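Understanding the architecture of this molecule
Each chain is listed here by its residues.
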Amino acid sequence: MRHRTFWILVSLAAIAAACNSRSDVPPVSIVPEGGGAGANAVGATGTSTVSGTIMLEGTAPAAEIIRMNSDPVCVKEATNTETEYYVVGDGGGLGNVFVYVKEGLSGSYPVAADTVVLDQQGCRYTPHVFGVQVGQTVQITNSDPTLHNIHATPAVNAEFNTGQPIQGMSMERTFDEVEVMVPFKCDVHGWMNAYVGVLDHPYFATTGPDGGFDIANLPAGNYVIEAWHEMLGVQTQNVTVGDGATAEVSFTFTVG
Amino acid sequence: MRWLHYYLRFVVASSLLLIVAGGLVTSTGSGLAVPDWPNTYGTFMFAFPFSKMVGGIFYEHGHRLIASLVGLLTIGLAVWIARSEPRGWVRGLGWTALAAVVVQGLLGGITVLYFLPAPISISHAGLAQLFFALVVGLALFTSSGWRGSRGGLDRRGDDGLARLALAAPVAIYGQILLGATMRHTGAGLAIPDFPLAFGRLVPPEWSTGIAIHFAHRVGALVVAALVAATAVRVLFHHRERHELTRPALLLAALVVVQVGLGAWTVLSGRQVAVNTAHVAVGAVTLATSLVLALRVHRGWFPDAAGRRRPGATSGVASLGSGSEARA
């Protein structure tokens, strides 16, 4: 009898563990008050700017048309059905490049108070590439009248996968660790993906179709600037910027 | 007993359909399209509307529905066998099938809730194949050909065939586990060319993925050699034994098809239909090799009175063909 009771308890514990859907539980965010980068001195700010342009050399592969037939709602709702791997402006500027200060900063920076919105609209993620600070709130919204799942697949941060079956649903998530980049995907609609760069400071930008970027309010100093593109990888450059000055940094990615 | 056998055939067909559905889930990358379990997007799974089975949900939720059907069929199988089967070891296999399907369901749920950890997903794939082999075995054990075989002793024996027939399903199952490991660790295209590996017989560089992939290719050679040796042995030494020649020839043909599908999977960049067919044909290959092995070792299995067939312990026990048995 004692053995039977033991095995019943073990079975119930196993079932309870299996039924405890982790995907419904937001990851615990442990962020020190007043900043997400630890207990160091407050990071300096300034009046310097690093700006530049990301250029594409060569001819980018033509955007492909995404077949959304697996979900009739997507076919109806989609306003853009072209792949976003290469967003190239008229002058050869490369969009959707995440540019950030990789090295050169010290101290901890307060978490930005504003919420970054990642929207699922027309069965696409908007924006496709963006950045947040550690501990900053990301609001993920489903604007589509269909089901999406939001599946973040980080290497360092906690993975999560949550369903949003109803239009208008929204949820908030934070990331606890620096990670460039954290991919998002929708397993329902395999073409949907997005990337977020998670940093412990506010000095980052994402290029628009013209390839331009500005990283403002930096303290004077020497920095390593990194540019990340989902298909073309990363490039880094060193830059020195004086107090109140603007330093130009340009990157050229080559395709083909 | 005849109706039980037909029922088991239906369970076999349903289980194969379930394996195809599972193969589609992984081939389409839909394993996490339904993030919760056992519910589906917060809805009781059987109440989830068909109209919302879009995109990856179609594959993942469809897999769960078919799995539920197989689970119910397996409950029926275990109960039916328990009530009607005089052979104790067959009743035991019926309950084993039920236990396997329960564990399989839990593994499927756990792998979803924990974002497809490779060990769990590989176990899920491996147990699926074992379950399929088990219900195929049960269908064989309840067939009139098996129960009515007159036994008798092949005095010459054939120890070589006895060993080959056992080695084949073991090797095939090992190969299936390697394939599942490759599939669930993303190593399916770790070696992108075929039949060479990076243009050479042996990969010039190694990583975990390349090693797993290459091991699967080497495993295919081992299985092909074993199956060829088995088929040749059957055809040359037991040509009159149709209950052996049929599965032996089918097994050889399946291995040829399976190697072709494996090559096509790589060359097509893991095209969904081809990739899934590779999984399904793997299951049928395992089942066929098991049927051959069981028939070769027919004498190991006692009848309802607990009697083993004469001469059962040495080599190939004589099993009358289906027509002989019915006569």
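Residues numbered from 1 in each chain as written. Chains lettered and ligands numbered in written order. Predicted model: local features only at pLDDT ≥ 70, side-chain atom pairs only at ≥ 80, totals over all residues. Heavy atoms only, no water.

1. Concerning the confidence of the model for chain B
Residue and element names in this part refer to chain B. As a reminder, the rule being used: The predictor reports its confidence for every residue as pLDDT, a score running from 0 up to 100. Contacts between residues were defined by any pair of non-hydrogen atoms, one from each residue, lying within 4.5 Å.
In this model, chain B carries an average pLDDT of 92, and 92% of its residues clear a pLDDT of 70 or more. Considering only residues more than four positions removed or in separate chains, one finds that residues 311–315, a stretch of pLDDT under 50, has eleven contacts. A low-confidence stretch, residues 317–327 (pLDDT under 50), is modelled with 29 contacts involving residues beyond four sequence positions or located in other chains.

2. As for the environment of Arg-298 of chain B
All names here are of chain B. Note the cut-off: Helix and strand labels come from DSSP, where a helix needs a run of H or I of at least four residues and a strand needs a run of E of at least two; each type is numbered from the N terminus. Three exposure classes are used, based on accessible area relative to the maximum for each residue type with a 1.4 Å probe and protein chains only: buried under 20%, partly exposed in between, and exposed over 50%.
Relative to the assigned elements, Arg-298 resides in the loop between helix H9 (272–296) and helix H10 (322–326). Residue classification places Arg-298 among the buried positions, given a relative accessible area of 2%. For the pair Arg-298 and Ser-149, spaced 149 residues apart in the sequence, the C-alpha separation amounts to 9.2 Å.

3. Remarks on the sheet that holds strand S3 (residues 116–121) of chain A
Adjacent strands of a sheet pair through backbone hydrogen bonds, lying either parallel or antiparallel. Residues and elements named next belong to chain A. The condition that has to hold: Note on pairing: DSSP must find at least two bridges between two strands before they are called paired. What counts as an axis is a line fitted to C-alpha atoms, over the stretch in contact for a helix, and the angles between N-to-C directions run from 0 to 180 degrees.
The strand order across the open sheet built from four strands is S4-S3-S6-S9, with neighbouring strands paired in mixed fashion. Edge positions in the open sheet fall to strand S4 (124–126) and strand S9 (170–173), since each of these has one partner strand only. On average, adjacent strands in this sheet sit at an angle of 20 degrees to one another, irrespective of strand direction. Here S3 runs beside S4; their pairing, made up of three bridges, is antiparallel. Paired with Asp-119 across the two strands is Thr-126, which belongs to S4.

4. Looking at the interface of chain B and chain A
To be explicit about the condition: By definition, the buried area sums, over both parts, the 1.4 Å-probe accessible area that each loses when the two are put together. The term salt bridge refers to a pairing of a side-chain nitrogen on Lys or Arg with a carboxyl oxygen on Asp or Glu at a separation within 4 Å.
On the side of chain A, 25 residues touch chain B, which itself brings 20 residues to the contact. Carbon and sulfur atoms supply 68% of the area that chain B and chain A bury against each other, a total of about 1800 Å² over both sides. Considering only the surface of chain B that becomes buried against chain A, Tyr-41, Leu-113 and Phe-115 of chain B emerge as the three largest contributors, covering 34% of it. For the pair chain B and chain A, the interface holds zero salt bridges.

5. Let's talk about the sheet that holds strand S5 (residues 129–133) of chain A
All names here are of chain A. Reading across the sheet, the five strands line up as S5-S11-S10-S7-S8 and stay open at both edges, with mixed pairing between neighbours. Of all the strands in the sheet, just S5 and strand S8 (160–164) have a single pairing partner and so form its edges. Taking each pair of neighbouring strands and ignoring which way they run, the sheet shows an average axis angle of 25 degrees. As paired strands, strand S10 (residues 179–185) and strand S11 (residues 193–199) are joined by five bridges and run antiparallel to one another. Within S11, the residue paired with Phe-184 across the bridge is Ala-194.

6. Examining the state of the cysteines
When the sulfur atoms of two cysteines share a covalent bond, that bond is a disulfide. Residue and element names in this part refer to chain A. Test applied: Any cysteine sulfur atom paired with another within 2.5 Å is treated as part of a disulfide.
The final tally for this structure, using the stated rule, is one disulfide over all chains. Lacking any disulfide linkage, Cys-186 is separated from the closest cysteine sulfur, that of Cys-123, by 7.7 Å. Taking the relative accessible area as the measure of exposure, Cys-186 reaches 2% and is therefore buried.

7. A few points about the packing of helix H1 (residues 2–27) of chain B against helix H4 (residues 118–141) of chain B
All names here are of chain B. Just so we agree on the cut-off: Convention used here: angles under 35 degrees read as roughly parallel, angles over 145 as roughly antiparallel, angles from 65 to 115 as roughly perpendicular, and any remaining angle as oblique. By convention, the crossing between two helices is left-handed when the near helix turns anticlockwise from the far helix through less than a right angle, and right-handed when the turn is clockwise.
Their axes nearest at 9 Å, the elements H1 and H4 cross at an angle of 160 degrees. Taken together, the axes of H1 and H4 lie roughly antiparallel to each other. Note that H1 runs across H4; the crossing there is left-handed. Taking contact as the criterion, the partners of His-5, Leu-8, Val-11, Val-12, Ser-15, Leu-16 and Ile-19 in H1 are, on H4, Ala-128, Gln-129, Phe-131, Phe-132, Val-135, Val-136, Leu-138 and Ala-139.

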